[in-house]
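# Remarks on the overall topology
Listed below are the residues making up each chain.
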Amino acid sequence: MHGNIYIYNTLSLSKELFKPINKDRVLMYVCGITAYDLSHIGHARAYITFDVIYRYLTKLGYKVIYVRNFTDIDDKIIKKANEENSSVEKISSKYIGEYQKDMNALNVLTPSYEPKATETINEMISLTSGLIEKGNAYESNGDVFFRVNSFEGYGKLSHKNIGELIAGSRIPVNEEKENFLDFALWKKSKENEPSWDSPWGKGRPGWHIECSAMSMKFLGESIDIHGGGSDLIFPHHENEIAQSESYTGKKFVNYWIHNGFVNINSEKMSKSLKNFVTVRDALDKFHPEVLRLFFMFTHYRSFIDFSFEGVESARQSLIRLYQAVNLYGEFKLLINKNGITVKDGNPLAAGSVGALAAENIENYKNDFYNSMNDDFNTAKAISVIFDLVRKTNKIINDSMAQNVIILKDLAFLDDAASFIKESLSGIFGLLNEDPGRFIELNLMNLKAANVKADGGVSIGEEEIKKLIDERNLFRKNKEYASADEIRKTLLEKGIILEDTGFGTTYKITGTK
RNA sequence: GGCGGCAUAGCCAAGCGGUAAGGCAGAGGUCUGCAAAACCUCUAUACCUCGGUUCAAUUCCGAGUGCCGCCUCCA
């Protein structure tokens, strides 16, 4: 364990010391998707946010039981099924599948449980019955509504005043309801809609009741963390509290965590504005780790503007991280080949090899964990990693220049490398690719982006290699004019040459 | 109208009482025949405005301005 965690709780609008109900275990529930369409990057941000929280708490040693549900019965799904002449079951299972593909691609870990609403109907019915018995709900012509006035704490999460809500309402009054704020726990089903038998006739569950039912079924009556997008605060989460606490008489959730929204070019992302970006589209243009890093550069509660420039910036940053890992790998290889002398002893003169030997990896670790403990401040935690990267790059460069490294620096380097790996990979879900391959692919993309990816290349690998050999012969003989001529010829065919310490490599950029 | 949030360098973004993290871009340098890549170094003297509290405010309080979200399905 690394210190105390403080979490911003929507209930109190402030950061609170995190104390799980059971000190070794965390019960966490996150509202999942309604399966009727492809997921967009807003979903990606939400689930990456909670993925990092899940990974981090697990890393700290907590046994985290994480539930993330699927809403597979709902008005929108029914509408979509009708439009496509399909069935609710087919539509929901299709989009659940698509969602899982997206989450896997984004390296979002699978929660402990992923229940579907339709698998929890019995629990919802008994919850609803119980609420009627207690006087917190009433049946009205086949529908069952929650009586908002029966729950004293209504509004405590969204910090709303019920009286003002009524005053400001423009919603047409539903005649079946006693009060316009009352919300449906059970809906009488219409013709050709999926339905289940209930004490109130055939019907289907309302939306809010499912999360209470699933949360209680898998995690119990009181849990530690409940999360979701900030748009769910009202009315969804407010309603969950009302029905759950009325039913159990216990506090439903101790810490409410809500992530901020994703905007597109400073505008709210919405279907009516047609500025939706699906996860699919984003992954088409960017590596999943780039997207993860992009989100983690901003605190999870802030809104984030999704722009090409922003993600591009994150991509360059990720390359820098991979370059550092790569540099370290090459350096270790050099040491193994005895290209660098490892010597014991004290740091040499200030400013040269060993001047950094006093660095202690623990300082960086503490900074990192303190940042994460402060309401999961990934942006700050990442800055610590970048500091470390600069430090290790410098040590390696200095050592390579003098072909010598002292033991203390080497030890620091090894510790730093494993810490970078464990934090970025384990907690942030990054750096899971082979560094060399990642760098090559991404630098290639960078160039290709300026030319058009489909540029025709009218030259084979054999010929390229032959020309490279010819050119290197010219270079060896210092006949640079001829050497440059070959480079130019290849460039015209869409091939860029790069002379590295390991020989000449080439990249295909296309010619258009 | 009610509730909540945000305003920090060219761009993005942390910090939130003791004098400005990090990333991208940019500029120098190292390396290289040249180039590319990489690495290093540098890059904020009114932190939206005006008041107030304080020895000290970007950081707290008040007012203002400008954005944004929720109040209706929504991650």
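Here is a short report on the structure shown in this document.

## Overview of the state of the cysteines
Scanning all chains against the criterion turns up zero disulfides. For the unlinked cysteine C211, the closest cysteine sulfur is that of C31, found at 3.7 Å. Using a relative accessible area of 2% as the deciding quantity, one classes C211 as buried.

## Thoughts on the protein's contact with RNA strand B
Within the structure, RNA strand B sits among 53 residues, and K76, W207, G229, S317 and N397 are positioned closest to it. Atoms of RNA strand B within 4 Å of the protein belong to the sugar or the phosphate in 72% of instances, the rest to bases. H43 has a polar side-chain atom sitting 3.1 Å from a sugar or linking oxygen of RNA strand B. Contacts to RNA strand B include R390, whose side-chain N or O atom sits 3.0 Å from a phosphate oxygen. If you list the elements that add at least two residues to the surface near RNA strand B, you get α1 (41–59), α5 (162–167), β9 (223–229), α10 (308–336), α12 (378–402), α15 (461–476), α16 (480–492) and β16 (495–500).

## Let's talk about the pattern of salt bridges
Oppositely charged side chains can pair when the atoms bearing their charge come close. Using the criterion set out here, one finds 25 salt bridges in the structure. For D51, the salt bridge is made with R55, and the minimal N-O distance between the two is 2.9 Å. One end of the pair is D51 and the other is R55, both in helix α1 and four residues apart, which spans about a single turn. Judged on exposure class, the residue D51 and its partner R55 are both buried. A salt bridge links E98 to K101, with the nearest nitrogen and oxygen atoms 3.6 Å apart. Taken together, the residues span about one helical turn, with E98 and K101 both in helix α3 (residues 88–105) at a distance of three residues. Residue K101 is classed as exposed on the basis of its relative accessible area, which comes to 52%. Each of D75, K187, E193 and R204 takes part in one network of salt bridges that share partners.

## Looking at the nonpolar core
As a rule of thumb, soluble globular proteins bury nonpolar side chains together. The biggest cluster of nonpolar side chains holds 136 residues, and the ones touching the most others in it are F306, F368 and F428. The dominant element in this core, judged by the number of residues it contributes, is α10, at 11 residues. Counting residues domain by domain, this core receives three or more from each of domain 1 (6–138 + 211–285) and domain 2 (315–435). Discounting chain neighbours no more than four positions away, the residues touching F428 are V52, R292, M296, F368, M372, T378, A381, I382 and S423. Counting eight residues, the second-largest nonpolar core is a separate cluster that includes I459, L467, I468 and I495.

## Describing the pairing of strand β10 (residues 253–259)
Each regular strand carries side chains that alternate between the two faces of the sheet. Among the seven residues in β10, six count as buried, and that is most of the element. When β9 meets β10, the two strands line up parallel, connected through six bridges. In the strand pairing of β10, G227 is matched with I257. Viewed along the sheet, the connection from β9 through helix α7 (residues 233–248) into β10 turns out right-handed.

## A look at the packing of helix α4 (residues 121–133) against helix α6 (residues 207–219)
Where α4 contacts α6, the two axes come as close as 9 Å, and the packing angle between them is 105°. Relative to α6, the element α4 is oriented roughly perpendicular. Together, E123, M124, L127 and T128 of α4 and I209, E210, S212, A213, M216 and K217 of α6 make up the contact between the two elements. Tallied by class, residues from the contact of α4 with α6 come to five nonpolar, two polar and three charged.

## Digging into empty space enclosed by the protein
For the structure shown, the criterion picks out two cavities of 30 Å³ or more. One number sums up the size of the largest cavity: a volume of about 100 Å³. Every residue lining the largest cavity is listed: I48, T49, V52, I53, F295, M296, T298, Y300, F376 and T378. At the level of secondary structure, the elements contributing two or more residues to the lining of the largest cavity comprise α1 and α9 (288–296). Per element, the largest residue contribution to the lining of the largest cavity is four residues, and it comes from α1. Taken together, the residues of the lining of the largest cavity sort by class into seven nonpolar, three polar and no charged.

## Considering the sheet that holds β10
Pairing within the open sheet is parallel, and its four strands lie in the order β4-β3-β9-β10. Sheet topology places β4 (63–68) and β10 at the edges, where each strand pairs with a single neighbour. Between one strand axis and the next, the sheet turns through 20° on average, direction left out of account.

## Considering the packing of aromatic side chains
Two numbers describe a pair of aromatic rings. These are the distance of the centres and the angle of the planes. In this structure the tally under the stated criterion is 21 aromatic pairs. Their ring planes at 65° and their centres at 5.0 Å tell us that F18 and Y255 sit as a pair that is edge-to-face. Of the two residues, F18 is situated in the loop between β2 (14–17) and β3 (25–30) and Y255 in strand β10; the sequence distance between them amounts to 237 residues. You'll find F18 and Y255 in the same group, each marked buried. Where Y47 meets Y99, the ring centres are 5.7 Å apart and the plane angle is 90°; that geometry is what we call edge-to-face. Here Y47, found in helix α1, pairs with Y99, found in helix α3; they are 52 residues apart in sequence, far enough to count as distant. An aromatic cluster is defined as three or more aromatic residues linked by ring pairs; in this entry it consists of Y56, F368, Y369, F376, F419 and F428. The ring of Y47 is capped by R68, whose NZ or CZ atom sits 5.4 Å from the centre of that ring.

## Details of unusual backbone geometry
P235 follows F234 through a cis peptide bond whose omega is 0°. With respect to the helices and strands, the residue P235 is situated in helix α7. The phi dihedral of N141 is positive, around 60°, even though this residue is not glycine. For N141, the position within the fold is in the loop between β5 (137–140) and β6 (143–146).

Reading the values: rules and limits
Residues numbered from 1 in each chain as written. Chains lettered and ligands numbered in written order. Predicted model: local features only at pLDDT ≥ 70, side-chain atom pairs only at ≥ 80, totals over all residues. Heavy atoms only, no water. Disulfide = S-S within 2.5 Å. Buried < 20%, exposed > 50% of the residue type's maximum accessible area, 1.4 Å probe, protein only. Near = heavy atom within 4 Å. Polar contact = N/O pair within 3.5 Å; in protein donor to acceptor, adjacent residues only side chain to side chain. Helix = DSSP H or I, 4+ residues; strand = E, 2+ residues; numbered from the N terminus. Salt bridge = Lys/Arg side-chain N within 4 Å of Asp/Glu carboxyl O. Core = buried A, V, L, I, M, F, W, Y, C linked by side-chain atoms within 4.5 Å. Domains from an automatic or database assignment. Contact = heavy atoms within 4.5 Å. Pairing = 2+ DSSP bridges. Right-handed = clockwise from strand over helix to strand, strands pointing away. Axes fitted to C-alpha atoms, helices over the stretch in contact; angles between N-to-C directions. Parallel < 35°, antiparallel > 145°, perpendicular 65-115°, else oblique. Nonpolar A, V, L, I, M, F, W, Y, C, P; charged D, E, K, R; others polar. 1 Å grid on protein atoms, 1.4 Å probe; cavity = no way out; pocket = protein on both sides within 12 Å on 5 of 7 lines; lining within 4 Å. Points joined across faces, edges and corners; volume = space filled by probe spheres on them. Phe/Tyr/Trp six-rings, centres within 6.5 Å; stacked < 30°, edge-to-face > 60°. Lys NZ or Arg CZ within 6 Å of the ring centre and 35° of its normal.

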